[in-house]
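# Structural overview for review
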Amino acid sequence: MTHLWVRAEQRPNEDRTGLTPEGAKALLDAGIKVTIEESSVRAIPLQGYRDAGCAIAAENSWPTAPADAIIFGLKELPEDGTPLPHRHIMFGHAFKGQHSGKALLDRFAAGGGTLYDLEYLVDEAGRRVAAFGYWAGYAGAAVTLKTWCAQKRGEICGPVGVYPGKDALLAELSAELKAVQADVPSAIVIGAMGRVGTGAADLCEAMGITVTKWDMAETASGGPFPEILQHDLFLNCIFARPGTPVFVPQEALTADRKLSAIGDVACDPDSDYNPVPVYSQATSWDAPALRVATDPVMDVMAIDNLPSMLPVESSQDYAAQLLPSLLTLDDLKAGVWGRAEATFREFVPA
């Protein structure tokens with residue numbers, strides 16, 4: 001029997017899950033065993049999974065799960081260097097030149113396990129079957145706007161946290177904008193046709209911000225892109241890959257510009273293909289903005305688990321997208337799973 005083991009997230013500020021109780025019930029009805037770890041942070045209460053009929057395991061007990069269990073989580077595993085013998089479904093951040101990814105792949109090679117990277121679950125046309133992108137864009141635009149408001153107060157953006165829903169977030173942003181008594185900023189979104197860009201643009205428009213929407217056609221020239229510097233906010237919603245243009249080069253730091261707040265929602269600062277190379281480290285919930293220039297000011301927001309600011313909505317959305325693929329877990333050599341394993345084997349041969 002196929003056995004899916006949903007682990008508790010161990011990364012700080014990560015309250016999301018990729019499986020709801022309704023999805024777990026659908027898997028159980030399809031003959032897939034589901035084990036859910038207890039979690040002190042998961043946004044969706046454990047009782048719903050109990051009611052669905054899931055087995056319950058202790059928090060962070062996945063290393064002792066049966067050898068045939070498929071371990072499912074979202075974000076990174078603890079970086080303890082231990083070999084990984086299980087099959088894991090997660091965001092590995094290991095296939096795009098990320099410097100931290102090699103250690104993870106070495107652990108899979110040492111343990112004989114397999115990584116089915118959630119970012120590389122794609123259909124036959126190469127499109128991702130599930131993504132948190134919309135809520136990443138939405139939350140990323142919100143924190144970038146907070147960063148801009150903090151600048152108007154002569155400050156740098158303070159800590160951010162979890163919101164019970166988007167209405168609470170919008171209310172807080174409205175109050176901040178009103179308090180700074182400044183003209184509403186302008187924004188440019190690159191990747192506006194995708195999930196991430198749509199979320200970013202929706203947040204901006206909900207706040208009354210005029211948005212310039214660019215996608216592949218507008219960036220096909222490869223740059224430079226002086227138009228970006230004429231907006232107050234720039235939201236990068238294109239994931240780094242070979243051939244991605246540089247949107248904000250180092251010389252922009254001292255250029256004549258309006259741009260003062262960058263939201264690098266894609267957040268690949270340690271990638272060889274980083275399109276916003278004015279910074280080299282992710283920011284955090286405790287320190288959301290990194291000041292990269294002072295004359296004139298420029299701050300970069302680059303939090304890499306943004307959807308967890310709205311964990312209930314983002315979990316429900318993502319889990320609904322992913323469920324059809326989870327229902328095919330009994331054949332890991334075919335479909336999205338077969339394609340994901342093929343990608344993994346390019347880096348860790350069998």
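Analysis parameters
- Residues numbered from 1 in each chain as written.
- Predicted model: local features only at pLDDT ≥ 70, side-chain atom pairs only at ≥ 80, totals over all residues.
- Heavy atoms only, no water.
- Helix = DSSP H or I, 4+ residues; strand = E, 2+ residues; numbered from the N terminus.
- Rg over C-alpha atoms; globule rule 2.2 N^0.38 Å.
- Buried < 20%, exposed > 50% of the residue type's maximum accessible area, 1.4 Å probe, protein only.
- Contact = heavy atoms within 4.5 Å.
- Areas by Shrake-Rupley, 256 points an atom, 1.4 Å probe, with all protein chains shown as cover.
- Arc of directions from axis to C-beta.

## What about the overall build of the protein?
Within the protein, the secondary structure is distributed over 9 helices and 12 strands. The C-alpha atoms of the protein give a radius of gyration of 21 Å, which matches the 20 Å a tight globule of 350 residues would have. Overall, the C-alpha framework of the protein stretches about 60 × 40 × 35 Å when taken along its three principal axes. Going through the 350 residues of the protein one by one, you find that 55% of them count as buried. Across the protein, the fraction of contacts at a sequence separation of at least 24, relative to all contacts at a separation of at least 6, is 71%. Accessible surface for the protein amounts to roughly 14500 Å². Of this, 53% is attributable to carbon and sulfur atoms.

## Topic: the environment of Tyr 120
Structurally, Tyr 120 can be placed in the loop between β6 (114-117) and α4 (133-152). Sequence separation between Tyr 120 and Val 336 is 216 residues, and the spatial gap between their C-alpha atoms is 8.3 Å. Those residues in contact with Tyr 120 that sit more than four places away from it in its chain are Phe 95, Lys 96, Ala 340 and Thr 343.

## Structural notes on helix α3 (residues 101-111)
Within the sequence span of α3, burial applies to Gly 101, Leu 104, Leu 105, Arg 107 and Phe 108. For α3, the angular spread of buried residues about the axis comes to 150°, placing them on one side. Turned more than 90 degrees away from the buried face of α3 sit Lys 102 and Ala 110, all of them exposed. Close packing links the buried residues of α3 with β5 (87-90), β6 and α9 (335-347).

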